[in-house]
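# Observations on the model geometry
Below, each chain spelled out in residue letters.
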Amino acid sequence: MRIDLRQLEMMDAVAQLGTLTRAADALHVTQPAISSQIRKLEEQVGLPLIEREGRGVRLTESGECVAHHAKRISQILEDLRGDLRQFKSVDKGVLRVAVVSTANYFITEDIARFRTTHPGVEINLRVANRDEILEILAANETDLAITGQPPDDADLVARPFKENPLVVIAPPDHPLIGRVSVGPRDLAQFPFVVREHGSGTRRVMERAFLEHGLECGVACVLSSNEAVKQAVQAGLGLAVISRQTIDLELETGRLMTLQSEQLALERQWFLLYRSYRRLSPTALKFRDQLMVPKAEN
């Protein structure tokens, strides 16, 4: 069985766009050309791949299988094109970076610093929670990723590069403010504002309290650090959050931190990438920049 890459590209386009006409427009060919190539592909595999459905088409079960692999192959080919472009010059091409939302508070400064020396590089930055970042990595949709808690995955390289201390925050009029040290049991008496399931910060917080045989009452679940900070300022509860996200609120006195040395909230930021995937020269340059402390640059 001989399958042409162009036929797979057409199957991928049909699967994504739902009609032969739209696929033809996207690939800059005629609709009959797409129909002809898919018929040839059906003859080669000996199975029907698409069925007419109204004005569009529907993939058969075998068509879904072919489209799934066609998408993977298209991504590999795009990676190849990108790598070859960047081998010509480290100052061109696209750098794909995926970070958890908390890392977005510092990564833009690193990207700006990188762009001053590599202005021709286009940066594609995706921000998501930890679980989504791992899915993006698994799908090879990013060159580098940043999370606060690397998974146990032999196919991933995880390199620590920056401290990420977590702190407990409270509004300035909270009854625990002013204490020299606050124990975990003191904190557990009050409700907490937490991030959504899949958040690395929430995982660390829950594990830290469980080490003391405690669970926190949840007052509110929110999907961003900004929403968490606003909720704490409004008095909805305490929260555990990265120290790197609250500089402005501490300076203006809208939030305060509670010292709880018994809680294990020290973390690090990790740079992740696939061990089996060769990084482009641009990704290697950015990786190396992150691994060097700024004071040494």
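For the structure itself, consult the block above.
Report on the accompanying structure. (Residues numbered from 1 in each chain as written. Predicted model: local features only at pLDDT ≥ 70, side-chain atom pairs only at ≥ 80, totals over all residues. Heavy atoms only, no water.)

A word on the overall build of the protein chain. The secondary structure content of the protein chain amounts to 11 helices and 12 strands. Dimensions along the principal axes, computed over C-alpha positions, put the protein chain at roughly 75 × 45 × 35 Å. Here the protein chain holds 297 residues, and the buried ones make up 44% of them. Considering only contacts in the protein chain between residues 6 or more positions apart, those separated by 24 or more positions represent 74%. If you sum the accessible surface of the protein chain, you get close to 15700 Å²; carbon and sulfur atoms cover 50% of it. If you average the places of the 37 positive and of the 40 negative side-chain charges in the protein chain, the two averages end up 5 Å apart. (Helix = DSSP H or I, 4+ residues; strand = E, 2+ residues; numbered from the N terminus. Buried < 20%, exposed > 50% of the residue type's maximum accessible area, 1.4 Å probe, protein only. Contact = heavy atoms within 4.5 Å. Areas by Shrake-Rupley, 256 points an atom, 1.4 Å probe, with all protein chains shown as cover. Lys, Arg positive; Asp, Glu negative; His and termini not counted. Charge placed at Lys NZ, Arg CZ, Asp CG, Glu CD.)

Here the focus is unusual backbone geometry. For His28, which is not glycine, the phi dihedral falls at a positive 60 degrees. One can find His28 in the loop between helix 2 (20-27) and helix 3 (31-45). Residue Asn140 is not a glycine yet carries a positive backbone phi of 55 degrees. Its location among the elements puts Asn140 in the loop between helix 6 (130-138) and strand 5 (144-147).

Each pair of aromatic rings is reported with the distance of its centres and the angle of its planes. Within the structure shown, the criterion is met by four aromatic pairs. Where Phe106 meets Trp269, the ring centres are 5.4 Å apart and the plane angle is 55 degrees; that geometry is what we call tilted. Taken together, the positions of Phe106 in helix 5 (residues 104-117) and Trp269 in strand 12 (residues 268-274) put the pair 163 residues apart, joining distant regions of the chain. The exposure class assigned to Phe106 is buried, which follows from its relative accessible area of 8%. Members of the aromatic cluster, joined through ring pairs, are Phe106, Phe161 and Trp269. Taking NZ or CZ as reference, Lys162 lies 5.1 Å from the ring centre of Phe106, over its face. (Phe/Tyr/Trp six-rings, centres within 6.5 Å; stacked < 30°, edge-to-face > 60°. Lys NZ or Arg CZ within 6 Å of the ring centre and 35° of its normal.)

In this section: the nonpolar core. Core analysis: the biggest nonpolar cluster contains 29 residues, and Leu95, Ile107, Leu144, Ile146 and Phe286 have the highest contact counts within it. Among all residues touching Ile107, those that are not within four sequence positions of it are Val99, Leu125, Ile146, Phe286 and Leu290. Counting 20 residues, the second-largest nonpolar core is a separate cluster that includes Ala13, Leu41, Leu49 and Ile50. (Core = buried A, V, L, I, M, F, W, Y, C linked by side-chain atoms within 4.5 Å.)

The subject of this paragraph is the sheet that holds strand 11 (residues 256-258). Strand pairs in the sheet, formed through backbone hydrogen bonds, run parallel or antiparallel to each other. Across the sheet, which stays open at both edges, the three strands sit in the order 10-7-11 with antiparallel pairing between neighbours. At either margin of the open sheet sits one strand with a lone partner, and together these are strand 10 (239-242) and strand 11. This sheet shows a mean twist of 55 degrees between the axes of neighbouring strands, independent of strand direction. Note: strand 7 (residues 166-170) against strand 11, three bridges, orientation antiparallel. Its bridge partner lying in strand 11, Ile169 is registered against Thr257. Packed onto the sheet, helix 9 (residues 225-233) meets strand 7 and strand 10 and runs at close to 140 degrees relative to strand 10. (Pairing = 2+ DSSP bridges. Axes fitted to C-alpha atoms, helices over the stretch in contact; angles between N-to-C directions.)

Taking 1.5 Å per residue as the helical rise, helix 5 with its 14 residues ought to reach 20 Å, and the 21 Å between its terminal C-alpha atoms agrees with that figure. Of all the residues in helix 5, the buried ones are Phe106, Ile107, Asp110, Ile111 and Phe114. Buried residues of helix 5 fall within an arc of 145 degrees about the axis and therefore sit on the same side. Buried-residue contacts for helix 5 involve strand 3 (94-100), strand 4 (122-128), strand 5, strand 6 (156-163), strand 12 and helix 11 (281-291). (Expected span 1.5 Å × (residues − 1). Arc of directions from axis to C-beta.)

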